[in-house]
Amino acid sequence: MIHYNKPSITELEIEMVSDAMKSSWGSDAGKWVSRFEKEFADKLGFTYAVATSSCTGALHIGLRTLGIGPGDEVILADSNWIATLAPIIYVGARPVLVDIDKHTWCIDVDAAISATTQSTKAIIATHLYGNVADILRLKDFCKANDIFLIEDAAEALGSFLDEQHVGNFGDFAVFSFHGSKTITTGEGGMFVSNSAPLTDRFRILANHGRSPLETRQFRPQEIGYKYKMSDIQAALGLAQLSRFDELVERKREIFNIYYTSLCNLPQIMLNKVPFGSKSGYWITNVFVDNKFGPTREDFLHELRKRNIDGRVFFWPLSSLGLIDNSNNDLTNSYIVSQHSINLPSSYDISYEEQMNVVECIRTTFEEKSQK
Ligand SMILES: *Cc1c(COP(=O)(O)O)cnc(C)c1O
């Protein structure tokens, strides 16, 4: 089986987790988490970072921190994992789905601007598959219109714009350390921000509404949430973080091999990197820009025959039947989803295995494009 996405776990990870299991209890509890937060922020250039039990949880509390709730609208791209949408519902706000840019697969900024109303409180830009969204334009627009900008950088570790790591452009950003992500803690996430008041508020809400100024024991000031990370997870995160450059380099190498082998097929587009940006290439995705060309089912069929685990591009959120569809034009979100396939991008994939995947894509492309 050629796996879709597996983390890289070495002796270092095993040793550090084992240390944490022996030492992270009683009055020493929380030390590994604090270290992970600090090293993560230092490595990627954020002022503050708070580790959480998941990225979904980080986004949920982040929205609460901004005071977003009933009556408010939050704009996001229709091509997204459900985790980007669900927290908007948790806080009682209304998600407004807009189309993606056909080249970057990230939120179409013009569409986001047209969808803005008096009720729009925030725009969430997801850096999909590590591709960098047009975040500078969004930032200008949000600033001029008093709207919060949130970066969902769950898939974008190792992605940069103008030498700055993504996550540095919005009011806050969230990262994921789920087992499929570029660095993992099993399950886990991170909230990052350059604002002290936002971060302080976040910490209180993520820790049962307990203020650090409260000196009495077990005295929350409000009903909060319990979305913390454990030291054992943080130890795994620290080991992974110390290998950050190596891991991102490997993702880039995997992408480059696919790119070199597939780029000469007509109408095929792989992850696109806008001028001035660098991608962490969480996953290589192949999109055939031709509505008569092969579909995701064609590719999946061929891959499965060879025991290769390819995955579909995210379904348009508007197609899931879970929320009221917006009236916005979502054409690209549907086209890209229908004619795309995620290629296996595990750290341990060999060159021969990648060539096997390439062979599948070429065969499907040649057979299905002739019809
Ligand atoms: C993985 C992912 C998340 C959610 O991360 P969890 O840690 O599983 O909660 C959110 N947004 C996007 C775009 C993701 O890919």
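In what follows, the structure referred to is the one given above.
Now for a look at the structure at hand. (Residues numbered from 1 in each chain as written. Predicted model: local features only at pLDDT ≥ 70, side-chain atom pairs only at ≥ 80, totals over all residues. Heavy atoms only, no water.)

**A few points about the site of the ligand**
We count it as follows: Only a single heavy atom is needed: when it lies within 4 Å of a molecule or strand, its residue is near that molecule or strand. N or O atoms closer than or at 3.5 Å make up a polar contact, with two conditions inside protein: a donor-capable atom paired with an acceptor-capable one, and, for residues adjacent in sequence, both atoms drawn from side chains. Using a 1.4 Å probe, the Shrake-Rupley method yields the accessible areas, and only the shown protein chains count as cover for residues. The way it works is that DSSP assigns letters per residue, a run of H or I at least four long becomes a helix, a run of E at least two long becomes a strand, and they are numbered from the N terminus. All amino acids are sorted into three groups, where Ala, Val, Leu, Ile, Met, Phe, Trp, Tyr, Cys and Pro are nonpolar, Asp, Glu, Lys and Arg are charged, and the leftover types, Gly among them, are polar.
Around the ligand, the surrounding shell holds 13 residues, and the nearest of these are Thr 56, Asp 152, Glu 155, Ser 176 and Lys 181. In this structure, Thr 84 approaches the ligand through a side-chain N or O atom, which is 3.5 Å from a nitrogen atom. One of the side-chain nitrogen or oxygen atoms of Glu 155 is found 2.4 Å away from an oxygen atom of the ligand. Notes on the ligand: free accessible area 380 Å², of which the protein chains cover 92%. Elements with a minimum of two residues in the shell around the ligand: helix H3 (55–65) and helix H4 (82–90). Across the shell around the ligand, the residue classes tally to four nonpolar, six polar and three charged.

**As for a nonpolar patch on the surface**
Basically, it comes down to this: Nonpolar side chains (Val, Leu, Ile, Met, Phe, Trp, Tyr) within 5 Å and like charges within 9 Å form the patches, drawn only from residues with over 30% relative accessible area and no salt bridge. By salt bridge we mean one thing: a side-chain nitrogen of Lys or Arg within 4 Å of a carboxyl oxygen of Asp or Glu. Only protein chains enter the accessibility calculation, which uses a 1.4 Å probe. A residue is then buried if its area is under 20% of the maximum for its type, exposed if over 50%, and partly exposed in between.
Side chains of Trp 315, Leu 320 and Leu 322 sit close together on the surface and give an oily, nonpolar patch of about 310 Å² of accessible area. If you trace the backbone, Leu 322 turns up in the loop between helix H10 (296–305) and helix H11 (331–338). Given a relative accessible area of 59%, Leu 322 falls into the exposed group.

**A few points about the sheet that holds strand S12 (residues 284–288)**
Rules: By this definition, two strands are paired if DSSP reports at least two bridges between them. Only heavy atoms matter for contacts: two residues are in contact if any of them lie within 4.5 Å across the pair. The axes used here are C-alpha line fits, helices contributing only the stretch in contact, and every angle between their N-to-C directions lies in the interval 0 to 180 degrees.
Taken in spatial order, the three strands make up an open sheet running S10-S12-S13, and their pairing is antiparallel. Edge strands, defined here as strands with exactly one partner in the open sheet, are strand S10 (268–269) and strand S13 (340–343). Set on the sheet, helix H12 (residues 351–369) makes contact with S10, S12 and S13; between it and S13 the angle comes to about 165°.

**Things to note about the packing of H3 against H4**
Each pair of packed helices gets described by two things: the angle between the helix axes and the distance between those axes. To keep things clear, this is the line we draw: Roughly parallel covers angles under 35 degrees, roughly antiparallel covers those over 145, roughly perpendicular covers 65 to 115, and oblique covers all other angles. By convention the crossing between two helices is left-handed if the near helix lies anticlockwise of the far one by an angle smaller than a right angle, and right-handed if it lies clockwise.
With their axes 9 Å apart at the nearest point, H3 and H4 run at an angle of 40° to one another. Regarding the angle of H3 to H4, the classification is oblique. The crossing of H3 and H4 is right-handed. Residues Thr 56, Leu 59, His 60 and Leu 63 of H3 lie in contact with H4, whose contacting residues are Ala 83, Thr 84, Pro 87, Ile 88 and Tyr 90. Split into classes, the residues belonging to the contact of H3 with H4 amount to six nonpolar, three polar and no charged.

**Some remarks on the sheet that holds strand S7 (residues 164–165)**
One open sheet holds the three strands; their spatial order is S7-S6-S11, and the pairing between them is antiparallel. The sheet terminates laterally at S7 and strand S11 (277–278), the two strands that pair on one side only. Note: strand S6 (residues 160–161) against S7, two bridges, orientation antiparallel. Within S7, the position partnered with Leu 161 by the bridge is Gln 164.

**Side note on the packing of helix H2 (residues 31–44) against helix H8 (residues 231–242)**
It is at 8 Å that the axes of H2 and H8 come closest, and there the two elements cross at 30°. It follows from the interaxial angle that H2 and H8 lie roughly parallel. For the pair H2 and H8, the crossing hand works out as left-handed. The segment H2 lies against H8, with Lys 31, Trp 32, Val 33, Arg 35, Phe 36, Glu 39, Phe 40 and Lys 43 engaging Asp 231, Ala 234, Ala 235, Gly 237, Leu 238 and Leu 241. Of the residues in the contact of H2 with H8, the class split is eight nonpolar, one polar and five charged.

**Topic: the packing of aromatic side chains**
Our working rule: To pair, rings of Phe, Tyr and Trp, with the six-membered ring standing in for Trp, must have centres within 6.5 Å; the planes then decide the type, stacked if under 30 degrees apart, edge-to-face if over 60, and tilted in the middle. Look at NZ for Lys and CZ for Arg. If either is within 6 Å of the ring centre and within 35 degrees of the ring normal, a charge sits over the ring.
This model, assessed by the stated rule, comprises 17 aromatic pairs. Each ring, one from Phe 40 and one from Phe 46, has its centre 6.3 Å from the other, and the planes form 25°; the classification is stacked. Each member of the pair, Phe 40 together with Phe 46, is buried. One aromatic cluster in this structure is built from Trp 81, Trp 105, Tyr 129, Trp 282, Phe 313 and Phe 314. Positioned above the aromatic ring of Tyr 347 is the side chain of Lys 251, whose terminal nitrogen or guanidinium carbon lies 4.7 Å from the ring centre. Between Lys 278 and the ring centre of Phe 160, over which it is positioned, the NZ or CZ distance is 5.2 Å.

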